[in-house]
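Coordinate analysis (summary)
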Amino acid sequence: MSLKNAVQAPHRLPALPYADSALEPCIDAQTLRLHHDEHHRSYIEKLNQALEPYPALQGRTALALLLDPEAVPQAIRAVVRNNAGGHLNHSMFWLAMSPDGPRAPRGPLADAIVRDFGDFERFKTRFAEAGETQFGSGWVWLTRSADSGRRLKICTTSGHDNPVRQGQVPVLLNDLWEHAYYLKHQNRRGDYLQDWWTVTNWAEAERRFEQSADAADGPHIGARR
Ligand code: MN3
């Protein structure tokens, strides 16, 4: 799913593209089931609930709501930001993992990672370190942005913020909330981040990277609806 095709209102929970147990042993079936069926669902329910009195906003995608906060009444702006963000990020996150496929990037994305981080191992170390040191709940991202000459960079966000709001195109993301890993890894977020390379969907990251090429020319990257 691309950003511009985010789920239309009434917002609905997308099905997981694999079985609950498909990402074991990195992500156990119970964690994946709770994360998808309960956490992601609850963001969607809260988003739909907040939008209920505002029919004009119900046709907007989660991305559109996040990119135009001024269009959202102050009374529901924070709820919409948190829950549209939660919905969008999780919809991307399920696709950022796969039980099979290449376990390293190929082609133009592989070349860009070498160019911007030195080599693939160094990139993995920096991504995991950024995720481990993010204080509290949030996300770690690999993004491409116009303002840095289309270079790749690693960043973190708090809560469910998405760097697309800062004009960056997400290529890869990982969930740093404890609900993503606590049943199996407990407090060891660093171990989860290391294990996560065994389920990373590099084919999806390659697709996102290649689709970002044109969009990275202007200030509205990733923002086309
Ligand atoms: Mn989560």
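It should be emphasised that the depicted structure is a prediction, and the values quoted were computed from it without experimental measurement.

**A word on the domain arrangement of the chain**
Domain annotation for the chain reports domain 1 (4–12 + 28–95) and domain 2 (107–217). Across the boundary between the two partners, domain 1 contributes 20 residues, which contact 22 residues of domain 2. Overall, the association of domain 1 and domain 2 removes approximately 1,800 Å² of surface from exposure, summing both partners, and the carbon and sulfur fraction of that is 60%. A per-residue breakdown of the area domain 1 buries against domain 2 is headed by Asn89, Met92 and Phe93, which together make up 33% of the total. Taken together, the links from domain 1 to domain 2 amount to 1 salt bridge.

**Notes on the coordination of the manganese ion**
Note on the manganese ion: its protein donors are His35 (NE2), His90 (NE2), Asp175 (OD) and His179 (NE2). The metal-donor distances range over 2.0 to 2.1 Å. Each donor residue of the manganese ion lies on one chain, and together they are spaced H-x54-H-x84-D-x3-H. A residue pair is termed long-range when its members are at least 10 positions apart, and histidine 35 in helix H1 (residues 29–51) and aspartate 175 in strand S3 (residues 168–175) qualify at 140 residues. Each member of the pair, histidine 35 together with aspartate 175, is buried.

**Some remarks on the pattern of salt bridges**
Overall, the coordinates contain 12 salt bridges when judged by the stated rule. Note that arginine 106 is salt-bridged to glutamate 206, the shortest N-O span being 2.8 Å. Pair noted here: arginine 106 is in the loop between helix H3 (74–95) and helix H4 (107–117) and glutamate 206 is in helix H8 (residues 202–215), with a separation of 100 residues, a long-range link. Among the residues examined, arginine 106 registers a relative accessible area of 44% and is labelled partly exposed. Ionic pairing is found between arginine 151 and aspartate 116, a salt bridge with its closest N-O pair at 2.4 Å. One end of the pair, arginine 151, is in the loop between strand S1 (138–145) and strand S2 (152–158); the other, aspartate 116, is in helix H4, and 35 residues separate them in sequence. Salt bridges linked by common partners bring Arg81, Asp161 and Arg165 together as one network.

**Considerations on the packing of aromatic side chains**
One pass over the full model with this rule turns up 15 aromatic pairs. Relative to tyrosine 192, the ring of tyrosine 181 lies with its centre 5.0 Å away and its plane at 20°, an arrangement referred to as stacked. Here the residue tyrosine 181 occupies a position in the loop between S3 and helix H6 (182–185), and tyrosine 192 occupies one in helix H7 (residues 189–195), the gap between them amounting to 11 residues. Following the ring pairs from residue to residue traces out a cluster consisting of Phe93, Trp94, Phe117, Phe120, Phe123, Phe127, Trp139, Trp141, Trp196, Trp197 and Trp202.

**What to know about the nonpolar core**
Grouped together as the largest cluster of nonpolar side chains are 55 residues, with contacts concentrated most on Phe123 and Trp196. Tallying contributions element by element places H3 first for this core, with 7 residues. If we ignore the near neighbours within four places in the chain, the residues touching tryptophan 196 are Cys26, Ile27, Phe93, Ala96, Met97, Phe127, Leu172, Leu173 and Asn174.

**Some details on the environment of leucine 173**
Checked against the element boundaries, leucine 173 lands in strand S3. Sequence-distant contacts of leucine 173, that is, excluding residues within four places in its chain, are made with Asn89, Met92, Phe93, Ala96, Phe127, Trp139, Val140, Trp141 and Trp196.

**Here we look at the side chain of serine 212**
Looking at the element boundaries, serine 212 is found in helix H8. Discounting chain neighbours no more than four positions away, the residues touching serine 212 are Arg144 and Val169.

**Remarks on the confidence of the model for the chain**
Overall, the prediction assigns the chain a mean pLDDT of 91, with 90% of residues at 70 or greater. Within the model, pLDDT remains below 50 along residues 4–8, and this stretch shows 14 contacts once partners closer than five positions in the same chain are excluded. A low-confidence stretch, residues 216–225 stays under pLDDT 50, and its non-local contacts, those more than four residues away or across chains, total 25 contacts.

Cut-off values and rules
Residues numbered from 1 in each chain as written. Predicted model: local features only at pLDDT ≥ 70, side-chain atom pairs only at ≥ 80, totals over all residues. Heavy atoms only, no water. Domains from an automatic or database assignment. Contact = heavy atoms within 4.5 Å. Buried area = accessible area lost by both parts, 1.4 Å probe. Salt bridge = Lys/Arg side-chain N within 4 Å of Asp/Glu carboxyl O. Donors = N, O, S within 2.8 Å, 3.2 Å for Na, K, Ca; no water. Helix = DSSP H or I, 4+ residues; strand = E, 2+ residues; numbered from the N terminus. Buried < 20%, exposed > 50% of the residue type's maximum accessible area, 1.4 Å probe, protein only. Phe/Tyr/Trp six-rings, centres within 6.5 Å; stacked < 30°, edge-to-face > 60°. Core = buried A, V, L, I, M, F, W, Y, C linked by side-chain atoms within 4.5 Å. pLDDT = per-residue confidence, 0-100.

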